[in-house]
Amino acid sequence: MKTVIKTEDNTTIVSLAGRLDSNSAPLFEDELQSFVVSPKGNLVFDFNDLEYISSAGLRIILNTAKAFKDGPYCFATCAMQDHVLEVFEISGFNTFITIHNSINNSLSAFKTKKD
Amino acid sequence: MNHIFKILKDQDGLTTLSKHLAIISKEWKMTKKDVLQLNLVLDELITNIIEHGGGCKKCPIEVSMQKTACQIRVQLTDGGPPFDPTQCKSADTTTPVESRKCGGLGILFVHKFSDNCSYNRTDGKNVFHFTKTYKESAEN
């Protein structure tokens, strides 16, 4: 799996491409540490190019959601492919994690919340 | 039609799985959705065996897949200690985020995306069967 991390409007955008499974999850978890342990801004996972996710990947998403739950910053996901969305829905993750259609929708929602 | 392959209990195991699924998905004209669901079921079962199954690390997991008219029958065999995945508790998907645990999602996906799961211990090996119903893709 490949990840690209950039910052825009006080939001860290993490774009994932490929497969988030038990092979790629440990490295991804390491990459996220500085954003999750002590959040200093909003965070969005852009899943546009993520083809596949397993329970190993969902564990990281869950821990990220927990880290942002009571803080001042927002966490969201966006642009899910059908398989990833289906897995989210079966897991019930869609009940506590915001899913936007696109990265622009996420950035707009964060901006609206701030304003 | 049968497709049989072996997966080593290391970090290349899931890569091997994906390569074989890419082959059979073309041969058996599977839709992308069915391939990803089948991949997820096998991924969760194999990851569980690799991480928790113990036993001989060099002994591969054998995956046997058989295609019938509208089903794929799968058998996973490994020589680890007795372990019945069907007895694992699935995740409670209604638990709120603050008390949500990570465990149980894998077996939830196994039950959701497969049919007729069964386990038995035969000749000192764990043998897990399941079937997956599917329709041939019109695109391939």
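First, a word on scope: everything that follows refers to the structure included in this document.

Definitions and limits used
Residues numbered from 1 in each chain as written. Chains lettered and ligands numbered in written order. Predicted model: local features only at pLDDT ≥ 70, side-chain atom pairs only at ≥ 80, totals over all residues. Helix = DSSP H or I, 4+ residues; strand = E, 2+ residues; numbered from the N terminus. Rg over C-alpha atoms; globule rule 2.2 N^0.38 Å. Buried ≥ 20, exposed ≤ 12 C-beta atoms within 10 Å, placed from the backbone. Pairing = 2+ DSSP bridges. Axes fitted to C-alpha atoms, helices over the stretch in contact; angles between N-to-C directions. Expected span 1.5 Å × (residues − 1). Core = buried A, V, L, I, M, F, W, Y, C linked by C-beta atoms within 7 Å. Contact = placed C-beta atoms within 7 Å.

## Focus on the overall build of chain B
A count of helical and extended segments in chain B gives 3 helices and 5 strands. Each helix (α) and strand (β) of chain B, taken in turn from the N terminus, gives the series β-α-α-β-β-α-β-β. Against the compact-globule benchmark of 14 Å for 140 residues, chain B has a radius of gyration of 15 Å, which places it among compact chains. If you line up chain B on its principal axes, its C-alpha atoms span 45 × 40 × 25 Å. Expressed as a percentage of the 140 residues in chain B, the buried residues total 33%.

## Some remarks on the sheet that holds strand 1 (residues 2–7) of chain B
All names here are of chain B. What the 5 strands build is an open sheet, ordered 1-2-3-5-4; its pairing is antiparallel. Of all the strands in the sheet, just strand 1 and strand 4 (115–122) have a single pairing partner and so form its edges. With direction set aside, neighbouring strand axes in the sheet form an average angle of 15°. Bridge count for strand 4 against strand 5 (residues 125–133) is 6 bridges, and the pairing is antiparallel.

## A few points about helix 1 (residues 13–27) of chain B
Taking 1.5 Å of rise per residue, the 15 residues of helix 1 of chain B would be expected to cover 21 Å, and the 22 Å separating its terminal C-alpha atoms lies within 8% of that figure. Just beyond helix 1 of chain B, the residue with positive phi is K29 of chain B, at close to 50°.

## Quick look at the nonpolar core
By size, the foremost hydrophobic cluster in this structure holds 61 residues, and its most contacted members are F47 of chain A together with V41, L45 and I46 of chain B. The leading source of residues in this core is helix 2 (residues 32–52) of chain B, at 10 residues. Not counting residues up to four positions away in its chain, the partners in contact with I46 of chain B are I7, G13, L14, L17 and I61 of chain B.

## A few points about the environment of L45 of chain B
If you trace the backbone, L45 of chain B turns up in helix 2. Residue L45 of chain B is classed as buried on the basis of its C-beta count, with 25 C-beta atoms lying within 10 Å.

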